[in-house]
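Structural characterization, general
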Amino acid sequence: MRNIILFLVIVFVYSQCASSRYPKKYEKLGIFSKDTLKEYSIGKAKDNKVSIQYLGCNNYIIKYGTDVICIDPFFSNNSFIKTSSGNIQFKQKYFNIGASYINKNNISFKDIDAFFISHSHYDHIFDLPYLLQTDSVKPDVKIYGDNSSKTVLQNFLKPNQFINAENLVKKDSVNKWVYISSNLRILIIPSTHASHYKKIHIMKGNCDSNYFKGFTNACQKVNAHRFKEGQNYSFLIDILENNKVVCRILNKTNGCELNNGLIDAKLLEEHPVDIALMQIASSNFTNCVPQNLLTQTKPKQVIIGHWENFFKPYGKQNIKTIPLTNFNVFFDRATAIKPEWPFEKLSDKFFMPRPGTMINFYY
C-alpha cells in the first residue's frame with residue numbers, strides 16, 4: 001500500500017514539474033529579479049557590510065570580512081525521473097556553474113571556514129563529498145551536522161573534521177555558540193521539516209550507515225531515497241564587533257518547531273533578527289510558515305530560498321518555480337500580518353534571488 005501511495009505521489013509531482021513556471025508574477029511585483037547583485041541598507045551606517053550569496057535550494061555563502069561559511073552545499077540538480085528512481089549522480093557541469101558564481105564574487109571554496117548542514121536530504125549535502133574528495137576546501141575546514149550527515153560523508157572526512165551538531169544544541173538554558181572567529185558566531189537550533197505533500201512526509205528517519213559505506217566516490221551513482229533527513233536544524237548567525245551583536249541573520253529551514261515556529265525570545269531581547277533567510281518550499285503544508293516567525297522576529301529583510309525547481313538544470317536558463325508549493329499562500333499569510341509587521345508592498349520586505357545572486361547588506 002505504501003509503495004502505491006509513493007508511486008501516486010511521484011506521478012503527481014512529475015505532472016506538477018511539467019507545469020512549474022517562470023516566476024513572471026513575482027518579477028512584476030518586484031519580489032523576483034534577474035539581477036545578480038542586490039544591495040540593501042538595514043541600518044544607518046554605510047561602511048559595514050555582510051555579503052550573502054544565494055546558490056539554490058538552501059545553499060548560501062555568508063561572508064563577513066575574511067570569515068566565510070557555507071550552508072547546505074548543493075549544485076548537482078538531477079531530473080525528477082532520476083531522483084524518483086533513486087538514480088542520482090554528481091553533475092560536474094552544474095557544479096562548475098555554481099563554482100563560477102562563487103568565483104565571480106572573489107570567493108573560492110578554499111575560503112570557506114565551516115559548512116553547516118541543515119539536514120541530510122541530498123539537495124542539502126550532495127556536493128560536499130566532491131569538495132572533500134578533491135581537496136577543494138581547506139584541510140582544516142569544519143563540518144557541522146547530525147549523525148545522518150556524518151553517515152553520508154563517512155568516506156570523505158578527515159580526522160576531527162566533523163562536529164556533531166547534536167552536541168551543540170541548547171541544553172539547560174545555555175546557548176552553545178560556534179565561534180568561527182571573534183567576529184562571527186553561529187547558534188544551531190533544532191528544527192523540523194515540512195511535509196512534502198499535504199500530510200505525506202517522505203525520506204524521514206536516519207541514513208543507513210551500511211549503505212553509505214559503499215559511497216566511496218563522489219561521482220558514483222547513489223540512491224536519492226537513501227538520503228534520510230535525520231535531525232533538522234536552523235541557524236542563527238551573528239556578526240560581532242567588540243563582543244556586541246551588530247547584525248543578526250536567521251537561516252530558517254522550512255517547517256515549524258514544536259513551539260509553533262518561534263525562537264527563544266531572550267535571544268531577540270539581546271538583538272533582533274535583521275535578515276531572515278526563509279525557505280518557501282512546501283510552506284503551504286504547514287500551519288505557521290511564514291506568519292508566526294515573522295510576527296515574532298519582524299526582520300528588516302526577508303530572503304526567500306528553496307523556491308526554484310531543483311529538478312531542472314542548475315543555471316541561468318529555464319529557471320522555474322518548485323512544484324507543489326503554493327506561493328500565493330505564503331505571501332497571503334505574510335500580507336495578513338501587516339498590522340504587526342507593517343510594510344507598503346511585498347517587495348519592501350521580500351526578495352527571491354536567482355541562484356548565483358550576491359546580496360550585500362550594509363548596516
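Above this text you will find the structure in question.
Keep in mind that what you see is a predicted model, and the values were worked out from it rather than measured.

Rules and cut-offs
Residues numbered from 1 in each chain as written. Predicted model: local features only at pLDDT ≥ 70, side-chain atom pairs only at ≥ 80, totals over all residues. Heavy atoms only, no water. Pairing = 2+ DSSP bridges. Helix = DSSP H or I, 4+ residues; strand = E, 2+ residues; numbered from the N terminus. Axes fitted to C-alpha atoms, helices over the stretch in contact; angles between N-to-C directions. Buried < 20%, exposed > 50% of the residue type's maximum accessible area, 1.4 Å probe, protein only. Disulfide = S-S within 2.5 Å. Phe/Tyr/Trp six-rings, centres within 6.5 Å; stacked < 30°, edge-to-face > 60°. Lys NZ or Arg CZ within 6 Å of the ring centre and 35° of its normal.

**Topic: the sheet that holds strand S3 (residues 49-54)**
By definition, the strands of a sheet pair up through backbone hydrogen bonds, in either a parallel or an antiparallel sense. Pairing is mixed in the open sheet, where eight strands are placed in the order S2-S16-S3-S4-S5-S6-S7-S8. The open sheet has two edge strands with one neighbour each: strand S2 (37-41) and strand S8 (162-164). For this sheet, the mean angle separating the axes of adjacent strands, direction not counted, is 20 degrees. Pairing of strand S5 (residues 67-71) with strand S6 (residues 114-116) involves three bridges; the strand directions are parallel. The partner of Ile-69 across the bridge, within S6, is Ala-114.

**A few points about the pairing of strand S16 (residues 358-362)**
In the case of a regular strand, side chains alternate between the two sheet surfaces. By the criterion of burial, S16 is predominantly enclosed, with four of the five residues buried. Pairing geometry for S2 and S16, over five bridges, is parallel. Paired with Leu-37 across the two strands is Met-358, which belongs to S16. Pairing of S3 with S16, which is carried by five bridges, proceeds in the antiparallel orientation.

**Details of the state of the cysteines**
Per the stated rule, a full pass over the model turns up one disulfide. One disulfide in the model links Cys-256 with Cys-288; its S-S distance is 1.7 Å. Around the S-S axis, the bridge from Cys-256 to Cys-288 shows a dihedral of about -120 degrees and counts as left-handed. With Cys-256 in the loop between strand S12 (244-252) and helix H8 (265-270) and Cys-288 in the loop between strand S13 (275-279) and helix H9 (291-297), this residue pair connects regions lying 32 residues apart in the sequence. Cys-219 carries a free sulfur, and the closest cysteine sulfur to it, the one in Cys-70, is 18 Å from it. Since its relative accessible area comes to 30%, Cys-219 is described here as partly exposed.

**Considerations on the packing of aromatic side chains**
Scanning all chains against the criterion turns up 34 aromatic pairs. Note on Phe-212 and Phe-227: the rings are 5.1 Å apart at their centroids and 80 degrees apart in plane angle, and the pair reads as edge-to-face. Pair noted here: Phe-212 is in helix H7 (residues 209-212) and Phe-227 is in the loop between H7 and strand S11 (232-241), with a separation of 15 residues, a long-range link. Residue Phe-212 shares its accessibility class with Phe-227, and that shared class is buried. Ring geometry for Phe-343 versus Phe-350: centroids 6.3 Å apart, planes at 80 degrees, classification edge-to-face. Through a chain of ring-to-ring contacts, three or more aromatic side chains come together here, namely Phe-74, Phe-80, Tyr-122, Phe-126, Phe-156, Tyr-211, Phe-212, Phe-215, Phe-227, Phe-310 and Phe-311. Positioned above the aromatic ring of Trp-177, the side-chain terminus of Arg-185 is 3.7 Å from the ring centre. When the ring centre of Phe-343 is taken as origin, the NZ or CZ atom of Lys-338, which lies over that ring, is 5.4 Å away.

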